[in-house]
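Coordinates in review
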Amino acid sequence: MLLQHLGIWGVFVIAFADSALLGMPVDAIVAAYVYNDRKRLLFYVVMASLGSALGSIPLYIIGYLGGEKVLRKRISEERFERIHRSFEQHEFWALMFPAMLPPPMPFKIFVLGAAVFEMKFRDFMAAIFAGRFVRFLTLALLTLWFGPQIVGVMGVVFRRHFSWVLGAIAGGLLVWLLMRRGRRRRAAQD
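Remember, it's a predicted structure, so these values are computed and weren't measured experimentally. (Residues numbered from 1 in each chain as written. Predicted model: local features only at pLDDT ≥ 70, side-chain atom pairs only at ≥ 80, totals over all residues. Heavy atoms only, no water.)

Turning our eyes to something else, we now look at the overall build of the chain. When helices and strands are counted, the chain shows eleven helices and zero strands. The secondary structure elements of the chain, listed N-terminal to C-terminal, are α-α-α-α-α-α-α-α-α-α-α. For the chain, the residues scored as buried account for 38% of the 190 residues in total. Partitioning the intrachain contacts of the chain with sequence separation of at least 6 by distance along the chain shows that 78% fall at a separation of at least 24. Surface exposure of the chain reaches about 11200 Å², of which carbon and sulfur atoms provide 64%. (Helix = DSSP H or I, 4+ residues; strand = E, 2+ residues; numbered from the N terminus. Buried < 20%, exposed > 50% of the residue type's maximum accessible area, 1.4 Å probe, protein only. Contact = heavy atoms within 4.5 Å. Areas by Shrake-Rupley, 256 points an atom, 1.4 Å probe, with all protein chains shown as cover.)

What follows covers unusual backbone geometry. With phi around 60 degrees, glutamate 118 is a residue other than glycine that occupies positive phi space. Structurally, glutamate 118 can be placed in the loop between α8 (107-116) and α9 (121-146). Its relative accessible area of 61% is what places glutamate 118 among the exposed residues.

Taken as a whole and assessed by the stated rule, the structure comprises 13 aromatic pairs. Taking 6.3 Å as the distance between ring centres and 15 degrees as the angle between the ring planes, the aromatic pair formed by tyrosine 60 and tyrosine 64 counts as stacked. Here tyrosine 64 and tyrosine 60 lie together in helix α5 (residues 57-74), a separation of four residues that amounts to about one turn. Judged by its relative accessible area of 55%, tyrosine 64 falls in the exposed class. Between tyrosine 60 and phenylalanine 121, the ring centres sit 5.4 Å apart and the planes meet at 65 degrees, which makes this aromatic pair edge-to-face. On the criterion of sequence distance, the pair formed by tyrosine 60 in helix α5 and phenylalanine 121 in helix α9 is long-range, its members being 61 residues apart. (Phe/Tyr/Trp six-rings, centres within 6.5 Å; stacked < 30°, edge-to-face > 60°.)

For the rest of this paragraph, the subject is the packing of helix α2 (residues 10-19) against helix α3 (residues 26-36). The relative placement of two packed helices is expressed as an angle between their axes plus a distance between the axes. Direction vectors running N to C along α2 and α3 enclose 170 degrees, while the axes themselves pass 9 Å from each other. By the angle class used here, α2 and α3 are roughly antiparallel. Where α2 approaches α3, its residues Gly10, Val11, Ile14, Ala15 and Asp18 are matched on the opposing element by Val26, Ile29, Val30 and Tyr33. (Axes fitted to C-alpha atoms, helices over the stretch in contact; angles between N-to-C directions. Parallel < 35°, antiparallel > 145°, perpendicular 65-115°, else oblique.)

Let us look at helix α4 (residues 41-55). Taking 1.5 Å per residue, 15 residues should reach 21 Å; α4 reaches 21 Å between its end C-alpha atoms and fits that length. Turning to α4, its buried residues are Leu41, Tyr44, Val45, Met47, Ala48, Ser49, Gly51, Ser52, Ala53 and Gly55. On its buried face, α4 is in contact with α2, α3, α5 and α9. (Expected span 1.5 Å × (residues − 1).)

Attention shifts here to the pattern of salt bridges. Across all of its chains, the model carries six salt bridges by this definition. Measuring nitrogen to oxygen at the nearest pair gives 2.7 Å for the salt bridge that ties arginine 135 to aspartate 27. Linking arginine 135 in helix α9 with aspartate 27 in helix α3, this pair joins segments that are 108 residues apart in sequence. When its relative accessible area of 9% is taken as the criterion, arginine 135 is described as buried. (Salt bridge = Lys/Arg side-chain N within 4 Å of Asp/Glu carboxyl O.)

A cluster of nonpolar residues, Leu21, Ile62 and Val70, forms a patch on the protein surface that exposes about 230 Å² of accessible area. For leucine 21, the location among the structural elements is in the loop between α2 and α3. (Patch = residues over 30% accessible without salt bridge, like charges linked within 9 Å, V, L, I, M, F, W, Y side chains within 5 Å.)

For the rest of this paragraph, the subject is the packing of α5 against α8. For the pair α5 and α8, the least separation of the axes is 7 Å and the interaxial angle reads 95 degrees. With respect to their mutual orientation, α5 and α8 come out roughly perpendicular. Residues Leu59, Tyr60, Ile62, Gly63, Tyr64, Gly67, Glu68, Val70 and Leu71 of α5 touch α8, and the partners they reach there are Lys108, Ile109, Val111, Leu112, Gly113, Ala114, Ala115 and Val116.

Counted residue by residue, helix α7 (residues 91-100) has seven buried out of ten residues, so it is predominantly covered. Buried residues of α7: Ala94, Leu95, Met96, Phe97, Pro98, Ala99 and Met100, and no others.

Right, let's get into the confidence of the model for the chain. Predicted confidence across the chain gives a mean pLDDT of 84, with 88% of residues reaching 70 or more. Confidence scores differ between elements of the chain, with helix α10 (residues 150-160) showing the lowest mean pLDDT of 61 and α4 the highest of 95. (pLDDT = per-residue confidence, 0-100.)

Structure (structure tokens):
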């Protein structure tokens, strides 16, 4: 009922609420919108990505103002140090990669981490938008191909085979980065 009142902006509102500390079924909402209105696929993907990025701002502020204590209470010291190292080495990717992954990935911990480890706000917004764009675009394309039930199937696969899915995504990203580095080296030699 609420989504009918929100119309085409419902995806933005739900994605914003999901990122602003409330757990919402944003994937199912995006899939439903895309499935019912295929012509606006890109609009819904952009609105969900933008809503998610803007909805992360309150958590970023919390993290910036004292989030280290909050973060340390929620995760082990080992995990805290691992996240800190990833932000030191590859700040943008350390946030974009988790933004691409669907639940049960604890994305809000990475949002807090970005603020605690003093990621530039501009880069913070760009990483979340880019990661969510990849996530929602992939979801939208899968929805068109397989139907909206893909959300449930993906959720089950992701929960049962979390390490395999994470490994496949990390492997794909690594291959892409290595290919990109090779092209740059060849261009520099020419």
